[in-house]
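# Report on the structure
Each chain, letter by letter, is given below.
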Amino acid sequence: MSAIEGIARTNFAYLDEQTKRMIRRAILKAIAIPGYQVPFASREMPMPYGWGTGGVQVTAAIIGPEDRLKVIDQGADDTTNAVSIRAFFEKVANVAVTTHTRDATIIQTRHRIPEAPLSEGQVLVYQVPIPEPLRFLEPRETETRMMHALEEYGLMHVKLYEDIARNGHIATTYAYPVQVAGRYVMDPSPIPKFDNPKMDRSPALQLFGAGREKRIYAVPPFTEVKSLDFEDHPFTIQRFDKPCALCGSTHSYLDEVVLDDRGGRMFVCSDTDFCEERREAGHVGPLGVPA
Amino acid sequence: MTAEQPLLKVSNLSRFYGGRIGCLDVSFDLWPGEVLAIVGESGSGKTTLLNCVSSRLQAQAGRVEYRMRDGRLRALSDMGEAERRFLMRTDWGFVHQNPADGLRMTVSAGANVGERLMAVGARHYGHIRETAVDWLQRVEINTDRVDDPPRAFSGGMRQRLQIARNLVTAPRLVFMDEPTGGLDVSVQARLLDLLRGLVSDLGLAVILVTHDLAVARLLSHRMMVMKDGRVIEAGLTDRVLDDPREPYTQLLVSSILQV
């Protein structure tokens, strides 16, 4: 054991310093051009593509020994992906971790924005599978880049038009396209559209990393983020007709949990930290038990 | 048709494919409301010329100038890419031979017609749909098909939909590449009827590429005959077809199948 000490050790936060500088340069450029997808030399990470390799690289590039990291997957701190990535950074960067949104300086997330309002100085790192909002409408990368460059976004509305024509309303419920700072149309990653309003003028810095697609983009603090819509079909968020079964919250995003094979189910907050804090503060839902 | 200034001025346009000639030293003017047919056998450079004029293909020599809505004549090569593309989706139209090249096959007919409107900033679903339905009627497509994708349409319907999609922004110049190719004769006849009506109602200027002299005779006022990348004869359609001067044109005209 002592023989290999000093030889086979990874650098702080796994990536070597040159790579981190390269990623930081991409991040700086992304912040300078809100919503623009900056190409970067994505590295192989010790996890498969699709598990958050982009987010992990962004986090690795910005994390320091003083940071406190929170990782969530679909809002939960205790799911496989979140637990593994948290453990990964504990091991390779030896940083403090937390599950409390308010205590964290960096929050890496997949598919959600925490319910608790973020504050200045916090960084939200999104894991992004497909960064190009126009991808399923226009398969050619050369063409989509040109469309971004020339601000040709009529096609994005064609998609929303199709939604209304088929379903009578805009049926896109996640990865709902947004326009950032009045310029670039951006895929907010597969967060529910419920979370879109939280991106608008958020005091926190929002960074997006797509490892397989090798793109980084960003929304700087206090930047306007507008969800696309039609004048006669304005953007709306999901509403739930029941409160959270555990904490009774009526203004959070709920997950459906199947309880048995006789149709029993309950709806609970997808943000586990938010739900726990409410229960600790004495809120009780229909199926909850007082703390 | 008797406007004083040409809508489009093409001068000495050339395009090569390596050492081969695509089109060579082509010049012509097009006046507002005029239909110009470019005819010739396949490989004669008709489509190359059309693509060069419509700036879908870069010409290696020559100039294309277009009179903008403000009355100024501007060279396409002096415009930025953004301006050129804006022109292409507002003031111009392009009807492809194969409707699949000009349509979005996976989205509904209504969205196909509405796309250009949305591209120039229309953001009211109700209005966009109304316009789309109106245009479907004008090209004789049943309005209950507005939510069907073009994949569910016949060849003739697709071509009519492509025409509606191009005309919805009231363009002044439309390029057509064999618009009736691959359609059977009765469908072709109805499409030609429709095109002729639309062209005269809207006062469109059209550059029409076709190898079908009958189509050219029906639709066009003026005609250019191409061979090996060069324009060998040009003139009023009736004159060229009834009194062809060049031996090749005579051959072309005499090759029409008489039924």
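Just so you know, these numbers come straight off a predicted model, no measurement behind them. (Residues numbered from 1 in each chain as written. Chains lettered and ligands numbered in written order. Predicted model: local features only at pLDDT ≥ 70, side-chain atom pairs only at ≥ 80, totals over all residues. Heavy atoms only, no water.)

### Some thoughts on the overall build of chain A
Counting its secondary structure elements, chain A contains 7 helices and 12 strands. Taken over C-alpha atoms, the radius of gyration comes to 20 Å for chain A, in line with the 19 Å a tight globule of 291 residues would show. Taking the principal axes of the C-alpha coordinates as reference, chain A spans close to 65 × 55 × 35 Å. Here chain A, with 291 residues, has 53% of them falling under the buried criterion. Considering only residue pairs separated by 6 or more positions, chain A has 62% of its internal contacts joining residues 24 or more positions apart. Side-chain charges of chain A comprise 33 positive and 39 negative groups, with the mean position of each set lying 4 Å from the other. (Helix = DSSP H or I, 4+ residues; strand = E, 2+ residues; numbered from the N terminus. Rg over C-alpha atoms; globule rule 2.2 N^0.38 Å. Buried < 20%, exposed > 50% of the residue type's maximum accessible area, 1.4 Å probe, protein only. Contact = heavy atoms within 4.5 Å. Lys, Arg positive; Asp, Glu negative; His and termini not counted. Charge placed at Lys NZ, Arg CZ, Asp CG, Glu CD.)

### What about helix 2 (residues 53–62) of chain A?
Along helix 2 of chain A, 9 of the 10 residues are buried, which leaves the element largely enclosed by surrounding structure. Turning to helix 2 of chain A, its buried residues are A:Thr53, A:Gly54, A:Gly55, A:Val56, A:Gln57, A:Val58, A:Thr59, A:Ala60 and A:Ala61.

### Here we look at the pairing of strand 12 (residues 265–269) of chain A
All names here are of chain A. Bridge analysis of strand 11 (residues 254–258) against strand 12 gives 5 bridges, and the strand direction is antiparallel. The residue of strand 12 that forms the bridge with Asp-255 is Val-268. Between strand 11 and strand 12, which pair antiparallel and follow one another directly, the connecting turn spans 6 residues, one of which, Gly-263, has a positive phi of 90 degrees. (Pairing = 2+ DSSP bridges.)

### Describing the sheet that holds strand 6 (residues 178–180) of chain A
Paired through backbone hydrogen bonds, the strands of a sheet run either parallel or antiparallel to each other. Residue and element names in this part refer to chain A. Read across the open sheet, the 3 strands follow the order 7-6-10; overall the sheet is antiparallel. Edge positions in the sheet fall to strand 7 (184–186) and strand 10 (225–227), since each has one partner strand and no second. If you compare each strand with its neighbour and ignore which way they point, the axes differ by 35 degrees on average. Note that strand 6 and strand 10 share 3 bridges and pair antiparallel. Considered in strand 10, the bridge of Val-178 is made with Ser-227. (Axes fitted to C-alpha atoms, helices over the stretch in contact; angles between N-to-C directions.)

### Thoughts on the pattern of salt bridges
Proximity of charged atoms lets side chains of opposite charge pair with each other. Residue and element names in this part refer to chain A. This model, assessed by the stated rule, comprises 40 salt bridges over all chains. Where Lys-20 meets Glu-17, a salt bridge forms, and the shortest distance between an N and an O atom there is 3.0 Å. Placement of both Lys-20 and Glu-17 in helix 1 (residues 17–32) is noted, with a separation of 3 residues, approximately one turn of the helix. By relative accessible area, which is 2% here, Lys-20 ends up buried. With a relative accessible area of 38%, Glu-17 lands in the partly exposed category. Residue Lys-198 is joined to Glu-115 by a salt bridge in which the shortest nitrogen-to-oxygen separation is 3.2 Å. Taken together, the positions of Lys-198 in helix 6 (residues 196–199) and Glu-115 in the loop between strand 4 (106–110) and strand 5 (123–127) put the pair 83 residues apart, joining distant regions of the chain. Among the residues examined, Lys-198 registers a relative accessible area of 26% and is labelled partly exposed. (Salt bridge = Lys/Arg side-chain N within 4 Å of Asp/Glu carboxyl O.)

### Regarding the domain arrangement of chain A
All names here are of chain A. By domain assignment, chain A separates into domain 1 (17–227) and domain 2 (239–291). Taking the mean C-alpha position of each, domain 1 and domain 2 sit 27 Å from one another. Opposite the 16 residues of domain 1 that make contact, domain 2 presents 11 residues. Each partner contributes to the roughly 1000 Å² buried at the junction of domain 1 and domain 2, and carbon and sulfur atoms together form 46% of this total. Broken down residue by residue, the surface that domain 1 buries against domain 2 is led by His-100, Glu-115 and Phe-194, which jointly contribute 42%. (Domains from an automatic or database assignment. Buried area = accessible area lost by both parts, 1.4 Å probe.)

### Structural notes on the pairing of strand 8 (residues 205–210) of chain A
Residue and element names in this part refer to chain A. Burial analysis of strand 8 places 6 of its 6 residues in the buried class, the great majority of the element. Here strand 8 shows two buried faces, one formed by Leu-205, Leu-207 and Gly-209 and the other by Gln-206, Phe-208 and Ala-210. Of the pairings in the sheet, the one linking strand 5 to strand 8 comprises 5 bridges and is parallel in character. Residue pairing across strands places Val-125 opposite Leu-207, the latter belonging to strand 8. For strand 8 and strand 9 (residues 215–219), the ladder comprises 5 bridges, and the chain directions are antiparallel.

### Overview of the packing of helix 4 (residues 109–119) of chain B against helix 5 (residues 125–138) of chain B
Residues and elements named next belong to chain B. Packing of helix 4 against helix 5 brings their axes to within 9 Å, and their N-to-C directions diverge by 120 degrees. Taken together, the axis directions place helix 4 and helix 5 in an arrangement best described as oblique. Handedness of the helix 4/helix 5 crossing: right-handed. Of helix 5, the residues touching helix 4 (which contributes Gly-110, Val-113, Gly-114, Leu-117 and Met-118) are Ile-128, Thr-131, Ala-132, Trp-135 and Leu-136. (Parallel < 35°, antiparallel > 145°, perpendicular 65-115°, else oblique. Left-handed = near helix turned anticlockwise from the far one by under 90°.)

### Observations regarding the interface of chain A and chain B
Each partner contributes residues to the interface: chain A has 21 residues there, and chain B has 20 residues. Summed over both partners, the interface of chain A with chain B buries about 1800 Å², with 59% contributed by carbon and sulfur atoms. Applying the counting criterion to the chain A and chain B interface returns 3 salt bridges. Across the pair B:Arg89 and A:Glu152 runs a salt bridge, and its minimum N-O distance is 2.7 Å.

### Some remarks on the side chain of A:Arg135
Residues and elements named next belong to chain A. Here Arg-135 is to be found in the loop between strand 5 and helix 4 (141–149). A distance of 2.3 Å separates the side chain of Arg-135 from the side chain of Glu-141, its partner in a polar contact. Contacts of Arg-135, omitting those with residues within four sequence positions, involve Ile-130, Arg-140, Glu-141 and Thr-144. (Polar contact = N/O pair within 3.5 Å; in protein donor to acceptor, adjacent residues only side chain to side chain.)

### Some points on the confidence of the model for chain B
Do not read the predicted coordinates in detail wherever pLDDT is low. Looking at chain B as a whole, the pLDDT averages 92, with 98% of positions reaching at least 70. Per the prediction output, this complex has pTM 0.85; the corresponding ipTM is 0.84. (pLDDT = per-residue confidence, 0-100.)

### Side note on the layout of surface pockets
Over the atoms rolls a probe the size of a water molecule, and its path tells where empty space is left. Residues and elements named next belong to chain A. The computed volume of the second largest pocket comes to approximately 340 Å³. Lining the second largest pocket are 15 residues, and of these Phe-136, Lys-159, Tyr-174, Ala-175 and Asp-187 sit closest to its centre. The class makeup of the residues in the lining of the second largest pocket is 10 nonpolar, 2 polar and 3 charged. (1 Å grid on protein atoms, 1.4 Å probe; cavity = no way out; pocket = protein on both sides within 12 Å on 5 of 7 lines; lining within 4 Å. Points joined across faces, edges and corners; volume = space filled by probe spheres on them. Nonpolar A, V, L, I, M, F, W, Y, C, P; charged D, E, K, R; others polar.)

### Considering the UniProt feature "domain: ABC transporter" (unreviewed entry) in chain B
With numbering matched to this structure, UniProt assigns "domain: ABC transporter" (unreviewed entry) to residues 8–253 of chain B. For residues 8–253 of chain B, helix accounts for 40% and strand for 26%, while the C-alpha atoms at its two ends are 28 Å apart. (UniProt positions renumbered as here; feature names shortened; annotations may be inferred.)

### A look at the packing of helix 1 of chain A against helix 2 of chain A
Residues and elements named next belong to chain A. Where helix 1 contacts helix 2, the axes come no closer than 9 Å and their chain directions differ by 100 degrees. By the angle between their axes, helix 1 is roughly perpendicular relative to helix 2. The segment helix 1 lies against helix 2, with Lys-20, Ile-23, Arg-24 and Ile-27 engaging Gln-57, Val-58, Ala-60, Ala-61 and Ile-62. Of the residues in the contact of helix 1 with helix 2, the class split is 6 nonpolar, 1 polar and 2 charged.

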